[in-house]
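# Close look at the chain arrangement
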Amino acid sequence: MLRTTLAGLRLHKSRYVTTVLAILLGVMFVSGTMVFADTLNAGYEKSVMGSATSVDAIAVPEAPDPQDGEPTEPVPFTEEQLERIRELPEVDAADGTVRGQAVLLDAEGRAFGFMPPAALSLGEPNRFSAEEGSLPSTGEEIALATSTADQTGFAVGDTVTVLDREENEREFTVTGLVEFGVDPSYAFGGAVVFDPDTAEEMTGLSVYSEIDVLAAEGSTDEEAAKAVASVLGSQAKVRTGEEFGLDMAESAGGDTEMMRTALMLFALIAMFVAGIVIYNTFAILIAQRQRELALLRCVGAKRGQVFRSVLVESSVVGLVASVLGVLAGVGVGTAGAAFGGPLLGMGESVSVVVTPPAVVTGLVVGTVVTVFSALVPATRATRVAPLAALRTSATASGLEKGTGWIRVVLGVLSFAVSAVMVGLTRMSGPSQTGPIVVTAAALIAFVGVVVLGPLLVRGIVRVVGVPLRKVGVPSMLAVDNSTRSPRRAATAMIALTVGATLITGYSVVSASLESTLTKQLDEQFPMDYQISPQFAMDDPAAGGQDPADAEELPAEDAEGSEVSGEDTEEPANAPGEDGSQTSEEAAAEGTPVEEAPTGGGDDSPEFGTVPPEVREALEAQESLGKVIGARSTAAEFDDQRMLPVFTYTGGEIGVDITSDTAEGDLSDLGPGRVVVSKDYVDDLSVGDTLTLPIEDGGELSLEVVAVVEPMQFLMGATIDPEDFATAFPGHTEDDYLFVRASEGSEAAEVREAVYAAVDDHPTMQISSVSEVKNQFSQVMNVAFYTIAAMLGLAIIIAVFGISNTMALSVLERTRESALLRALGLGKGQLRRMLSVEAVLLCLIGAGIGIVLGVVFGWAAGASVLPGMVFSVPFGQIAVFVALSVVAGLLAAVLPARRAASTSITGALAGE
């Protein structure tokens, strides 16, 4: 039986070509993802280890144990501690890194970045070196991080301007570029490097955020690290260079693992689609081989042997395709690492990493999916009666049966349950569980499509076939052929439906999110420009220094030294600080505030204020109609929860700035009153009292006059400027300004007026609402096209499946096609008939997917986004439809050519 099975495979190997391609592509995605991620991790490790192992031990400050339940801050190292380390017999050399911030001006004289780059000194030894040029050695020289140089366009030999602590301009010559790799302290904001003396001048710091050590001759790295730890005590974390590098590589690898997981999800979708293609292929082949299987039964083959023979076929096909897929995956992973690695911070190029799990996973997934998909066709093969060998034709009539009432009831019930689940999400409103419920509803609806697929194909073809029948004979024949085997057609188009549903659904969510943001900006925030200060890093020594060590630091160092570990859990700055809005809050409410990069290093950003003279200059411009200032802080209430508190000066709430209200009227805001948002205060209604602690230790009681919906412009608590000044007298300057042009002003005139007002303040960040919209649109477009490209592989696999279905159908209808040719149907007409048939199949699959995508895209977006503006991207959907037509034409090319080239007399004679 095994020889018979293998002989059949060799004889009919052309029937499995597209199936092999489908498996190959899916396995290629799986193995390619693993090779790419493993190579990326190896690149990170090599980059980090190369810098970290250039020294033998590295010490960084570590926060002391909490005191009285209150978190403590790390304490930077002092010059005295550095000298004690240098005196250790296990240490050959040691030096510290001064790290603060300095404002770098770009070519236009404005501050570079939304956060000043790190400003540091690199002594000898240190774990970094110049990748190009040399490190600075005098007070007129500077080195830039390679990422900073790329973004600003500066190169070695250029003259750059940096602001000192008093914002005086100083010019430096770029002598070198330093590659900081994936070090989170410098990966986001960039860095500038000075010689040690200049670094102290520019940052005002004389303490160290890191000490690098070389071990003395005869001492190991571990011994040197242990000796350094004995000097610094529990307030330092000391590791060998290798340990430090491994920890950092592991941290950087976390992002890679997230990327691996995301890519594997798309790979699983591709394998699922490939499984549908495999199932359909074996189902058709088994139906076409009824006489062959029946003859095997007649000569003594048992049901079990027939079943095993089909599984052996699928195993061989799956294994061969998986081997080819793994080889292709290695190539794809290599290309991905070569082109995508530099974009993801992988500095040095490394050899491709092909691990055993990448190979084994690809082989196992491809083979198992193939065998599993062939189980149902294999079971059907055992039901072929021996008497079927006496039939005169090998047709697939056994594949098509009537659509029973059980199938209809199950399909209708699936759609009903799905509709109820979607309805429940709409009734309960936006929540974290909403997307999960919508996803489950989509899967149930997809089951309904699978069950009712044959009925859907018949119904859609009958409707679409009305005009097609009038086009010509080939189109009329194509319509008839599409309804002859609706179950086969439904199975083939399901694979395409999966991809079309996912792409359409994401495009609807993306378009709706963009429309919602635009609506919120236009209606709730009708401003033209926003002016905000550049983010800065908190002074870590101020308030974070251990009291016992306070006298070790000079006063000026206590004010300006930097240390890591700032607590970042509060939604806004604590009372008594500048109180500006965090980037997370801005994003939640749709405020067009640019976010500072987060997650780099242990320091957290603090938010400055806009100088009063900037507002005065803006208000003096005739082309500017209104200038609104925003001030904020955070107040503790209700079991130590932190509530952001905002006020707006120069504008009227409910007129200039609005939000969607759940109850009450925004225009009622005034002294003694407050507007709250449901996402922060969900237990208060109009007429209730909100009590806030204020700076002098007292309390401020306010009447709630309006409650706004979650994720609106107005968030937390919004109070009258008079109440804000009384409660928080330390917050007298604006965190940011909103500017609206006066009626009739030209756009160029308004822009010139805004920029003129901040000429003397280069650190002020200017962004226009139109720029914010464009940036958001670009981000959404990039995300959409990236996801579409990932899902595109599943669609390609689905097209292979349709092509395979057409090819097997042509083989089955060889005599029928020959008879049509004998009756006068030309070769061109025969090709058109098959092309129309394939296009119909693709359009049905894509059409059902588009409908499902629109419905569940709307449901998914509305389940998490309050007040979502539903938007259907008709342009993108039109592209999907056009691509479906092209896919159908391509799927029919080879089957149509084969049908047209078949000999009429040979086919009719039964050859």
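Description of the structure in this document. Everything numeric here is computed off the predicted structure, so don't read it as measured data.

Rules and cut-offs
Residues take numbers from 1 onward in each chain, read along the sequence in its written order. Given that the model is predicted, a residue must reach a pLDDT of at least 70 before its local features are reported, and side-chain atom pairs must reach 80 or more before they are shown or counted; all residues, however, enter totals for whole chains, interfaces and linings. Heavy atoms throughout the structure, all of them, feed into the side-chain values; hydrogens and water do not. Residues forming no salt bridge and having over 30% relative accessible area are the ones grouped into patches, like charges within 9 Å of each other and nonpolar side chains (Val, Leu, Ile, Met, Phe, Trp, Tyr) within 5 Å. The Shrake-Rupley method, run with a 1.4 Å probe, gives the accessible areas here. Residue values count only the displayed protein chains as cover. Any carboxyl oxygen of Asp or Glu within 4 Å of a side-chain nitrogen of Lys or Arg constitutes a salt bridge here. In this charge count, Lys and Arg are treated as positive and Asp and Glu as negative; neither His nor the chain ends contribute. Here the site of a charge means atom NZ of a Lys, CZ of an Arg, CG of an Asp or CD of a Glu. Strands are runs of DSSP state E lasting at least two residues, helices are runs of H or I lasting at least four, and both sets are numbered from the N terminus onward. Burial here depends on accessible area, computed with a 1.4 Å probe over protein chains only, as a share of the maximum for the residue type. Under 20% is buried, over 50% is exposed, and the range in between is partly exposed. Whether two strands pair depends on DSSP finding at least two bridges between them. Among the buried residues, those of types Ala, Val, Leu, Ile, Met, Phe, Trp, Tyr and Cys that are joined through side-chain atoms within 4.5 Å form a nonpolar core. Any two residues whose heavy atoms approach within 4.5 Å at even a single point are treated as in contact.

## Quick look at a positive patch on the surface
A cluster of basic residues, Lys827, Arg831, Arg832 and Arg897, forms a positive patch on the protein surface. If one sorts the elements of the positive patch by residue count, helix H24 (residues 827-864) sits on top with three residues. Within the element layout of this structure, Lys827 appears in helix H24.

## Some points on the environment of Arg380
Position of Arg380 relative to the elements: it lies in helix H11 (residues 375-381). Residue Arg380 is classed as partly exposed on the basis of its relative accessible area, which comes to 28%. Between the C-alpha atom of Arg380 and that of Ala283, which follows or precedes it by 97 residues, the distance is 8.2 Å.

## Comments concerning a nonpolar patch on the surface
A cluster of nonpolar residues, Val316, Leu319, Val320, Val323, Leu324 and Leu327, forms a patch on the protein surface that exposes about 480 Å² of accessible area. Among the structural elements, Val323 can be located in helix H9 (residues 303-340). For Val323, a relative accessible area of 37% puts it in the partly exposed group.

## Digging into the pairing of strand E8 (residues 159-163)
The element E8 is extensively covered by neighbouring structure, given that four of its five residues are classed as buried. For strand E4 (residues 103-105) and E8, the ladder comprises three bridges, and the chain directions are antiparallel. Within E8, the residue paired with Leu105 across the bridge is Thr161. Sheet analysis places E8 next to strand E9 (residues 169-178), joined by five bridges and oriented antiparallel.

## Remarks on the nonpolar core
Counting 102 residues, the largest nonpolar core has Met493 and Ile797 as its most contacted members. Apart from residues lying up to four places away in sequence, Ile797 is in contact with Ala22, Leu25, Gly26, Ala270, Val273, Ala274 and Val277.

## A word on the environment of Val886
For Val886, the location among the structural elements is in helix H25 (residues 874-901). Here Val886 falls in the partly exposed class, since its relative accessible area comes to 42%. For Val886 and Val839, which are 47 residues apart along the polypeptide, the C-alpha to C-alpha distance reads 7.8 Å.

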